[in-house]
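Results of the structural survey
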Amino acid sequence: MSTAFFWLAASTGLLSLLTPCVFPMVPVTIAYFSTPNRADSRGLQRAFLFALGIIGTFTVLGLALAAIFGAAGLNQFAANPWVNLLLAALFVAFAANLFGWFEIGLPWRVSTAADRAVRGATPGSSLGALLMGAAFTLTSVTCTAPFVGTLLVLASQGSWTTPIAGMLVYSAAFALPFFVLASAPGLVSQLPRAGEWMKTLRVLIGLLELGAAIKFVSNADLVLGWGVFTRNVILIAWSALAIAGAAYLARNARARIQRRELGWESVVGIATALVLAGWLVSGVNEQRRLRQIEAFLPPEAIGPQAQGTATWVLNDYAGALTSARATQKLVFVDFTGYTCTNCRWMEANIFTRPDVSAELGQFVLARLYTDGEGEIYERQQAFQEKTFGTVALPLYAVVDADGNVRGTFSGLTRSPSDFIAFLRRARS
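Here we summarise the structure given alongside this text. (Residues numbered from 1 in each chain as written. Predicted model: local features only at pLDDT ≥ 70, side-chain atom pairs only at ≥ 80, totals over all residues. Heavy atoms only, no water.)

**A look at the overall build of the chain**
Within the chain one finds 16 helices and five strands. Relative to its 428 residues, the chain shows a buried fraction of 50%. Of the roughly 19,900 Å² of accessible surface on the chain, a fraction of 64% belongs to carbon and sulfur atoms. (Helix = DSSP H or I, 4+ residues; strand = E, 2+ residues; numbered from the N terminus. Buried < 20%, exposed > 50% of the residue type's maximum accessible area, 1.4 Å probe, protein only. Areas by Shrake-Rupley, 256 points an atom, 1.4 Å probe, with all protein chains shown as cover.)

Next comes the structure, spelled out in structure tokens:
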């Protein structure tokens, strides 16, 4: 599990607080069990239990996913094209909801059951605070589901602990402000009131969700081999969404000018959206890499020339060993996945470096996908698990022509020197 993943989990947890079905409910929720301008030991206890109810509800979701699919099944779940297309459709629906085209609500049986559980507890009691946290989590699902869904799919890299850890970090970040405000209810009055800015935020988050939908469709494209949602297509589509955001902000700014209410935040928002659009377009049809965002883009090619001039043997481990015997080289094995974000980051930011590329040139390069649909992918995943004791992605291994393991390197690294050191140790 990388630091970047935990940062993403925490960031999405905090961003979820700004969604339209969460933020306006903060004062109401805190007032349910807090006494204004008072913080005693029982108040702190209830605040802690309320936050624990939020954390527990989200974490159970991660635990259920890990228990149902297991470590190996998580890879297949994340790469399943129909799962990705379903998620894309859900993101489009959630975006339409935020645009105000229609309303999505929690099934009335669920919301009624949650409400009864809370009302059945003694007001201000510990049980009431705990149940309130769980009920609040359930009733905010229409806004938090896109963030949670994305996080769970990104967590599916072959480790059963990752979804649980991701949900713990996400829910802790989501619950922390509630704990602080419940501990000191007087701070609630300092929060900005939901107003026109919330409507603007709804639209902007809706555009983000359309961008996420495009990402999930590209995952399905990779597995099914359509070749439509390529890296350049996605960058152009995301750029168009950024321009749409700038246009929406500009329209709002025009209305505010007429009311003589234009503030600096409108100008900053428009400029930021346009800069983002230009930055995304700058990565089209060029060798220029867009650093962190490369993890969420499909590779330029799934095939022999996936990284620069290096030739990769694709999904043919036996062929790579044969080539190694003929050239008297070692084999560098890249266990990767179609939807593996850490794999994409390594391919775009580490493998393409001249110093790393020079070291990789000393090996026969084999790339084995383990999360596609079909017997070959299942066989390669089973081979990885049997030989190396893990199905986590990415995993890099160096073997000799007889298949004897010379060294392994697991996960993402931001240190090219560490990766080069691993390659040199394996060759020595």
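Structure's up, so let's keep going.
**Concerning the nonpolar core**
Counting residues in each nonpolar core, the largest one holds 25 residues, and the members touching the most others are Phe 50, Ile 54, Phe 58, Phe 136, Tyr 170, Phe 174 and Phe 178. When residues of this core are traced back to their parent elements, those giving at least two are helix H1 (3–16), helix H3 (41–79), helix H6 (126–139), helix H7 (141–155), helix H8 (161–183) and helix H9 (196–224). Apart from residues no more than four positions distant in its own chain, Ile 54 is found in contact with Gly 133, Ala 134, Phe 136, Thr 137, Ser 171, Phe 174, Ala 175 and Phe 178. Grouped together as the second largest cluster of nonpolar side chains are 20 residues, Phe 332, Ile 350, Tyr 396 and Phe 422 included. (Core = buried A, V, L, I, M, F, W, Y, C linked by side-chain atoms within 4.5 Å. Contact = heavy atoms within 4.5 Å.)

**Focus: the state of the cysteines**
Scanning the entire structure with this criterion turns up one disulfide. With its sulfur 2.2 Å from that of its partner, Cys 340 forms a disulfide with Cys 343. Disulfide Cys 340-Cys 343: the torsion about the S-S bond is 80 degrees, which places it as right-handed. Each member of the pair, Cys 340 together with Cys 343, is buried. (Disulfide = S-S within 2.5 Å.)

**Quick word on the pairing of strand E5 (residues 405–410)**
Of the strand pairs in this sheet, strand E4 (residues 395–399) and E5 are connected by five bridges, and their pairing is antiparallel. Of the residues in E5, the one forming a bridge with Val 398 is Gly 407. The hairpin formed by E4 and E5 contains five residues between the paired strands, and Gly 403 there has a positive phi angle of roughly 90 degrees. (Pairing = 2+ DSSP bridges.)

**Re the pattern of salt bridges**
Here the idea is simple: oppositely charged side chains can pair when their charged atoms come close. Per the stated rule, a full pass over the model turns up eight salt bridges. For Arg 424, the salt bridge is made with Glu 359, and the minimal N-O distance between the two is 3.0 Å. On the criterion of sequence distance, the pair formed by Arg 424 in helix H16 (residues 416–427) and Glu 359 in helix H14 (residues 354–360) is long-range, its members being 65 residues apart. Note that Glu 375 is salt-bridged to Arg 379, the shortest N-O span being 3.8 Å. Of the two residues, Glu 375 and Arg 379 are both situated in helix H15 (residues 375–388); the distance of four residues between them amounts to about one turn of the helix. Among the charged side chains, a network of salt bridges with common partners joins Arg 231, Arg 289 and Glu 294. (Salt bridge = Lys/Arg side-chain N within 4 Å of Asp/Glu carboxyl O.)

**Topic: the pairing of strand E2 (residues 330–336)**
Of all the seven residues making up E2, seven are buried; the element is thus mostly covered by neighbouring parts of the structure. The side-chain alternation of E2 yields two buried faces, one formed by Leu 330, Phe 332, Asp 334 and Thr 336 and the other by Val 331, Val 333 and Phe 335. Bridge analysis of E2 against strand E3 (residues 363–369) gives seven bridges, and the strand direction is parallel. Directly across from Asp 334, in E3, lies its bridge partner Arg 367. With five bridges joining them, E2 and E4 adopt antiparallel strand pairing. Counted as the bridge partner of Phe 335 is Leu 395 from E4.

**Looking at the packing of aromatic side chains**
Evaluated as defined, the whole model comprises 23 aromatic pairs. Aromatic side chains Phe 332 and Phe 351 sit 6.1 Å apart centroid to centroid with 75 degrees between the ring planes, which places their arrangement in the edge-to-face category. In this pair, Phe 332 is assigned in strand E2 and Phe 351 in the loop between helix H13 (341–349) and H14, connecting sequence segments 19 residues apart. Judged by centre distance (5.7 Å) and plane angle (15 degrees), the rings of Phe 332 and Tyr 396 are stacked. Here Phe 332 is found in strand E2, whereas its partner Tyr 396 is found in strand E4, with 64 residues between them in sequence. Across this residue pair, the class does not change: Phe 332 and Tyr 396 are buried. (Phe/Tyr/Trp six-rings, centres within 6.5 Å; stacked < 30°, edge-to-face > 60°.)

**Thoughts on the side chain of Glu 347**
Secondary-structure assignment places Glu 347 in helix H13. Within the structure, the side chain of Glu 347 is placed 2.9 Å from the side chain of Arg 344, a separation counted as a polar contact. (Polar contact = N/O pair within 3.5 Å; in protein donor to acceptor, adjacent residues only side chain to side chain.)

**Details of the sheet that holds E5**
Backbone-to-backbone hydrogen bonds pair the strands of a sheet. The strands run either parallel or antiparallel. Strand order in the open sheet made by the five strands is E1-E3-E2-E4-E5, with mixed pairing throughout. With partners counted over all chains shown, the strands left at the sheet margins are strand E1 (312–314) and E5, one partner each. Averaged over all adjacent pairs, the angle separating strand axes in this sheet is 20 degrees, with direction ignored. Of the strands in this sheet, E1, E2, E3 and E4 touch helix H12 (residues 317–327), which is tilted by about 180 degrees from E3. (Axes fitted to C-alpha atoms, helices over the stretch in contact; angles between N-to-C directions.)

**Some words on the side chain of Asp 221**
Position of Asp 221 among the secondary structure elements: in helix H9. Among the polar contacts made by the side chain of Asp 221, one reaches the main-chain amide nitrogen of Phe 229 at a distance of 2.7 Å. When residues no more than four places from it in sequence are discounted, the contact partners of Asp 221 are Trp 226, Gly 227, Val 228 and Phe 229.

**A few points about helix H11 (residues 264–281)**
End to end, H11 covers 26 Å across 18 residues, agreeing with the expected 26 Å (1.5 Å per residue, within 8%). When we look at burial in H11, the residues that qualify are Ser 266, Ile 270, Ala 273, Ala 277 and Leu 280. Taken end-on, H11 shows its buried residues confined to a sector of 100 degrees, consistent with a single buried face. The exposed residues of H11 that point more than 90 degrees off its buried face are Trp 264, Val 267 and Val 275. (Expected span 1.5 Å × (residues − 1). Arc of directions from axis to C-beta.)

**With respect to the environment of Glu 294**
Residue placement: Glu 294 occurs in the loop between H11 and E1. Sequence separation between Glu 294 and Trp 345 is 51 residues, and the spatial gap between their C-alpha atoms is 5.8 Å. Beyond its immediate sequence surroundings of up to four residues, Glu 294 is in contact with Arg 231, Arg 288, Arg 289, Arg 344, Ala 348 and Asn 349.

**Some remarks on unusual backbone geometry**
Cis rather than trans, the peptide bond between Leu 393 and Pro 394 has omega equal to -5 degrees. Relative to the assigned elements, Pro 394 resides in the loop between H15 and E4. The backbone of Asn 315 shows a phi angle near 55 degrees, a positive value even though the residue is not glycine. Among the structural elements, Asn 315 can be located in the loop between E1 and H12. On the accessibility criterion, Asn 315 (16% relative accessible area) is buried.

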